[in-house]
Amino acid sequence: MTQRVLTTESGAPVADNQNSATAGVGGPILLQDQHLLEKLARFNRERIPERVVHARGSGAYGYFEVTDDATGFTRADFLSAVGKRTETFIRFSTVADSLGGADAVRDPRGFALKFYTDEGNYDLVGNNTPVFFIKDPVKFPDFIHSQKRDPFTGRQEPDNVWDFWAHAPEATHQVTWLMGDRGIPASYRHMNGYGSHTYQWTNAEGEAFFVKYHFKTNQGVRSLSSEQAAELAGKDGNSHQTDLLQAIERGVYPSWTLYVQVMPAAEAADYRFNPFDLTKVWPHSDYPLQRVGRLVLDRNPDNVFAEVEQAAFSPNNFVPGIGPSPDKMLQGRLFAYADAHRYRLGVNHTQLPVNAPRTAVVDNYGRDGLHATRNGARHDKNYEPNSYAGPAQTGATLSAPLAIHGWTGTHEAPAHTKDDDFFQAGELYRLMSEDEKGRLVANIAKGLSQVTRDDVIEKNLAHFHAADADYGKRVEEAVHALRED
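Below is a short write-up of the structure. (Residues numbered from 1 in each chain as written. Predicted model: local features only at pLDDT ≥ 70, side-chain atom pairs only at ≥ 80, totals over all residues. Heavy atoms only, no water.)

### Overview of the overall build of the protein
The test is simple: Secondary structure elements are defined from DSSP: runs of H or I of at least 4 residues count as helices, runs of E of at least 2 residues count as strands, and each element is numbered from the N terminus. The size measure is the radius of gyration over C-alpha atoms, and the globule rule it meets is 2.2 Å times the number of residues to the 0.38 power. Exposure classes here rest on a 1.4 Å probe applied to the protein chains alone. A residue is buried below 20% of its type maximum, exposed above 50%, and partly exposed in between. Note on contacts: a residue pair is in contact if any heavy atoms of the two residues lie within 4.5 Å. With residues, only the protein chains shown are counted as cover, and all accessible areas are computed by Shrake-Rupley using a 1.4 Å probe. Asp and Glu are treated as the negative residues and Lys and Arg as the positive ones, with His and the ends of the chain left uncounted. Note that the charge is assigned to NZ on lysines, CZ on arginines, CG on aspartates and CD on glutamates.
What the protein contains, in helices and strands, is twelve helices and ten strands. A compact globule built from 485 residues would reach a C-alpha radius of gyration of about 23 Å, and the protein, at 25 Å, matches this within 12%. Overall, the C-alpha framework of the protein stretches about 80 × 65 × 50 Å when taken along its three principal axes. The buried share of the protein, reckoned over its 485 residues, is 45%. Restricting to contacts in the protein with at least 6 residues of sequence separation, those with at least 24 account for 73%. Just so you have it, the protein exposes about 24,800 Å², and 53% of that area is on carbon and sulfur atoms. Separation of charge centres in the protein, based on 50 positive and 63 negative side chains, amounts to 4 Å.

### Considerations on unusual backbone geometry
With an omega of 5°, the peptide bond between Glu 384 and Pro 385 qualifies as cis. In this structure, Pro 385 sits in the loop between helix H8 (328–345) and helix H9 (423–431). Not every positive phi belongs to a glycine, and Ser 196 is a case in point at roughly 65°. Topologically, Ser 196 is positioned in the loop between strand E5 (193–194) and strand E6 (199–202). Given a relative accessible area of 7%, Ser 196 falls into the buried group. Look at Ala 389: it is not a glycine, yet its phi comes out positive at around 60°. With respect to the helices and strands, Ala 389 occurs in the loop between H8 and H9.

### A word on H9
Three or four residues apart is the spacing at which side chains of an α-helix point the same way, because the helix has 3.6 residues per turn. Taken as a whole, H9 has its buried residues at Gln 424, Ala 425, Gly 426, Leu 428 and Tyr 429. Residues of H9 that are buried sit in contact with helix H4 (172–179), helix H10 (434–448), helix H11 (454–467) and helix H12 (469–484).

### Quick notes on the layout of surface pockets
What counts here: A 1.4 Å probe that fits into a set of points on a 1 Å grid over the protein atoms alone but cannot get out defines a cavity; an open set with protein on both sides within 12 Å along at least five of seven lines defines a pocket, and lining residues are those with an atom within 4 Å of a point. Grid points are joined across faces, edges and corners, and a volume is the space filled by probe spheres set on the points. Residues are grouped as follows: Ala, Val, Leu, Ile, Met, Phe, Trp, Tyr, Cys and Pro are nonpolar; Asp, Glu, Lys and Arg are charged; all remaining types, including Gly, are polar.
In this structure, the largest pocket encloses a volume near 1,400 Å³. As for the largest pocket, its lining consists of 40 residues, and the residues nearest its centre are Pro 326, Lys 328, Glu 412, Ala 413 and Pro 414. Only strand E7 (208–217) and H8 provide two or more residues apiece to the lining of the largest pocket. When grouped by side-chain class, the residues that make up the lining of the largest pocket number 18 nonpolar, ten polar and twelve charged.

### Section: the side chain of Ser 187
Rules: Side-chain atoms alone can form a polar contact between residues adjacent in sequence; in general such a contact is a pair of N or O atoms within 3.5 Å, and within protein one must be able to donate a hydrogen while the other accepts it.
Mapping Ser 187 onto the fold places it in the loop between H4 and E5. The buried category is assigned to Ser 187, whose relative accessible area is 2%. A polar contact is formed between the side chain of Ser 187 and the backbone nitrogen of Arg 189, at a distance of 3.1 Å. Here His 190 takes part through its side chain, which lies 2.7 Å from a polar atom of the side chain of Ser 187.

### Some words on the pairing of strand E9 (residues 290–299)
Our working rule: Pairing between strands is defined by DSSP: at least two bridges between the two strands are required.
Where strand E1 (residues 57–66) lies against E9, six bridges are found, and the strand directions are antiparallel. The residue bridging Gly 62 from the neighbouring strand is Leu 297, located in E9. Bridge analysis of strand E8 (residues 255–264) against E9 gives six bridges, and the strand direction is antiparallel. Each residue of the ladder has a partner; that of Tyr 259, found in E9, is Arg 291.

Keep in mind these numbers describe shape, not what the thing actually does.
Structure representation (structure tokens):
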């Protein structure tokens, strides 16, 4: 086999990669040693800023295959025919911890999926829970600050975590999910994924529907207890990454079945819950799950940095037939996600291989910026309209328009007949077995009992009492018992 030649970044062959150039034997290193300076300078710049949230993640390639006709609800081409396959890339992640954290922790999991469709990339950015802690994006930085390391102590503080939740009663539903049995998935393969937000689908006739995505794992849901997770995190901080990598390498390809809940747009205004509130679900009895297809992961990335760390998902990447809803959290993320990638990866991050479309042709007037690789030919113009056959608009919208009315201003979300912050949390609690309830109560009490302010504890207890009398009573008794020890 022919020996490959080591070169500098400019392609020049490297004569010696073992010894730096010096002024004589044992003398000081010379500034002219271009290879040494280049290696050290590149090494200093190997790390890019980690994500503020979802920093620790794993990814894989695969495909999505349509199994059931969805054309009555959407004209999206990748959903246009049973049997049609579309290449995908997924990134799983924890939310609150840093890049150096462990996988087996109690934390929501990101479930971000990129479809490389013929009409451009479609990004679906969700979690392993169908709801979230807050309903308005103006509170997102505050929420994350309360869950991250304290500026003074440098660690996550129960006082901060529970103080924020004390002032956010709408978080009670998600807290019940997080502290329950599904709060720590056994692996990425053994958890469901949800679009979480409400999205809009539009069919070929222009009819609009609101939808929620549910990816049900075909491996079965498996979770870890707090004790099992602590032991696993101590043994292997990379447990979920290891599991996903090894399963795919063995040819055991994980898969999920995609179901959607579909609501005709005209029914949204009078639905008993606000259908655009991220802290609420749509009960399946109201809008049953309808199967659409299956997601299969069958290939590991060749390079974690290039393909997982540099993967960029933006919920504003829609394709014809799919669009946004008035979900306020979604509306905020339409800006925030893309802006985060411009900060971390640069304005041309969409040209990186993992983010670039596979079959769709990108043709626009974006030019220049850091790492620009697609600046056009010598006669291409960088303005529009022009007289040189440059790309032009289609006039066809991706989705149906959203009706608006009223005055501008900072408004609370409109209340529907069954809207409150506690009803669905209570419903979730009442669905649990006695063993599940016991573990949920123990998990909540373990954290809440560490809070130093009595008023913060009492505010949180009031939320659990409001959700369900038994729920509140058991949490209160467990917290008081731990604080008396």
